[in-house]
Amino acid sequence: MRAMTEAKKLYVKTYGCQMNVYDSERMAETLGAQGYVQVDTPEAADMILLNTCHIREKAAEKLYSDLGRLRPLHDAKPELKIGVAGCVAQAEGGEIMRRMPIVDLVVGPQTYHRLPAMMEAVERGETALDTEFPEEDKFAHLPKGRGTNRGPAAFLTVQEGCDKFCSFCVVPYTRGAEVSRPAERLLREARDLVERGVREITLLGQNVNAYHGPGPQGGEWGLARLVRELAEIDGLDRIRYTTSHPNDMEDDLIAAHGDCAKLMPYLHLPVQSGSDRILKAMNRKHTAECYLRLIERIRAARPDLVLSGDFIVGFPGETAADFEATLDLVRSVGYGSAYSFKYSPRPGTPAAEREQVDAAEADERLQRLQALVTDQQRATQQGMVGRRLQVLFEKSGRMAGQITGKSDYLHAVHVDGPESLLGDIAAVEIVGSNTNSLAGRLLA
Ligand code: 5AD
Ligand code: SF4
């Protein structure tokens, strides 16, 4: 066992989605068991781990340029170890080490439980590469504790991978087939988190509402059952889940939004486009009308639900009329927030081979959509002013004397208040709305 004074220093940089945030945490924990402590800058590190994302834009190029930027650091300190994890690691594999010899380790999202053995090789001066999709469940091989988790809100990966094969998306290739973790392990992990002071858990999965994990007494649990059982844990006050597919929004999950008080009134439910022609080309297997009817049903269960979504503009073949249909859909839903992206061809996905929309045209559409979404976001936030909301305080604010937390609706809320409230839920009156946050006043 290494003495404390000799602790090796690990710097982790996370790109992309919340699942990567969760994975980074677990990788840091795994390496923690090998004597690595986390530091906040690459300069202070003995080992740098880049946990990459491949979903959009020039992911591989971005990785190579970030690695290029690490080269002087490596030149100055040749014993520095550099690892690449995540979806670009999965997609590029050994190519990364061929192009960037400063890289010692490449590990895909499904094999990071094997990091200890890989690190031993790296520490011996060898390189290590593992981008398999192994039979065993990596979660079963990771350390049990959640030592690196800080703060009262935590992520919990319940499901990984995707079988939907939307024609634009790289996830089914980088994360593999859909797999759900056994319910009992999730309940145990959630209880551990709560014992460490966690009050809010966000269940994660690329297709989280398709969750169908083995239940403790045999049979299968869907996401609604899992949410309801988690809601029984004393001390756990808030449950969220992300990201969902409209076609997996089952009746029992919709019902849970109406009658499970701990399930928060915020739902991220991407539709991607409002044009049926484009939805078909995207292989989404639902129409715009299906989505709108689904939203009506969820809102009937939970009228104050704040909705969020993802949109892609400039998908191959998207005409001006298709794009107008997307704007119409956004107008009829009224989103509390939404993420819109310009289509980015992902190598190996079907849509990448198709004729691309003119880039300037796609840019203009993106700006129009974002302007509409920003208006809706502003209106939703403005609608909170004057309301009394429950806020879970997570950290100190940027200004002295300020603390920051999240409302049930996932809005960031700043108030003047004591740090002793961090980790607690308190009632707040919303007094103002800024671009990306709300200002509140603590109620007695
Ligand atoms: N181009 C642009 N956006 C994409 N997304 C996924 N793949 C692509 C792509 N190739 C978006 C989708 C998805 C979100 C996570 O990223 O909107 O819901
Ligand atoms: Fe990608 Fe989501 Fe479609 Fe799966 S459902 S292919 S993760 S966009």
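Residues numbered from 1 in each chain as written. Chains lettered and ligands numbered in written order. Predicted model: local features only at pLDDT ≥ 70, side-chain atom pairs only at ≥ 80, totals over all residues. Heavy atoms only, no water.

1. Examining the packing of helix H7 (residues 183–195) against helix H8 (residues 223–230)
Rules: A fitted line through C-alpha atoms serves as each axis, taken over the contacting stretch for helices, and the angle formed by two N-to-C directions is quoted from 0 to 180°. We count a stretch as a helix when DSSP gives it H or I for four or more residues in a row; a strand needs E for two or more, and each element gets its number in order from the N terminus. We call a crossing left-handed when the near helix sits turned anticlockwise from the far one by less than a right angle, and right-handed when that turn is clockwise. In what follows, a contact means two residues having at least one pair of non-hydrogen atoms within 4.5 Å. Three classes are used: nonpolar for Ala, Val, Leu, Ile, Met, Phe, Trp, Tyr, Cys and Pro, charged for Asp, Glu, Lys and Arg, and polar for all others, with Gly counted as polar.
Contact geometry of H7 with H8 gives a least axis separation of 11 Å together with a crossing angle of 35°. Here the hand of the crossing between H7 and H8 comes out right-handed. Touching Ala183, Leu186, Leu187 and Ala190 of H7 are Leu226, Glu229 and Leu230, all from H8. Within the contact of H7 with H8, the residues separate by chemical class into 6 nonpolar, no polar and 1 charged.

2. Quick word on the domain arrangement of the chain
Here is the rule we go by: Reported domain spans reflect what an automatic or database domain assignment gives. Joining two parts hides part of their accessible area as seen by a 1.4 Å probe, and the buried area is that hidden amount summed over both. For this analysis, a salt bridge means a side-chain nitrogen from Lys or Arg found within 4 Å of a carboxyl oxygen belonging to Asp or Glu. Pairing of N or O atoms within 3.5 Å defines a polar contact, subject to two protein rules: one partner must be a possible hydrogen donor and the other a possible acceptor, and residues neighboring in sequence count only if both atoms are side-chain atoms.
Under the domain assignment used here, the chain contains domain 1 (8–130), domain 2 (138–382) and domain 3 (388–442). Taken over C-alpha atoms, the centre of domain 2 sits 25 Å from the centre of domain 3. Between domain 2 and domain 3, the contact holds 16 residues from the first and 20 residues from the second. Both faces considered, domain 2 and domain 3 share a buried interface measuring about 1,500 Å² in area, 54% of it formed by carbon and sulfur atoms. Interface area lost by domain 2 to domain 3 is led by Arg199, Arg238 and Gln381, which between them contribute 41%. For the pair domain 2 and domain 3, the number of links is 2 salt bridges. For the pair domain 2 and domain 3, the interface holds 12 residue pairs in polar contact (both at pLDDT 80 or more). Ranked by residue count, the leading element in the side of domain 2 that touches domain 3 is helix H13 (residues 359–382), at 4 residues.

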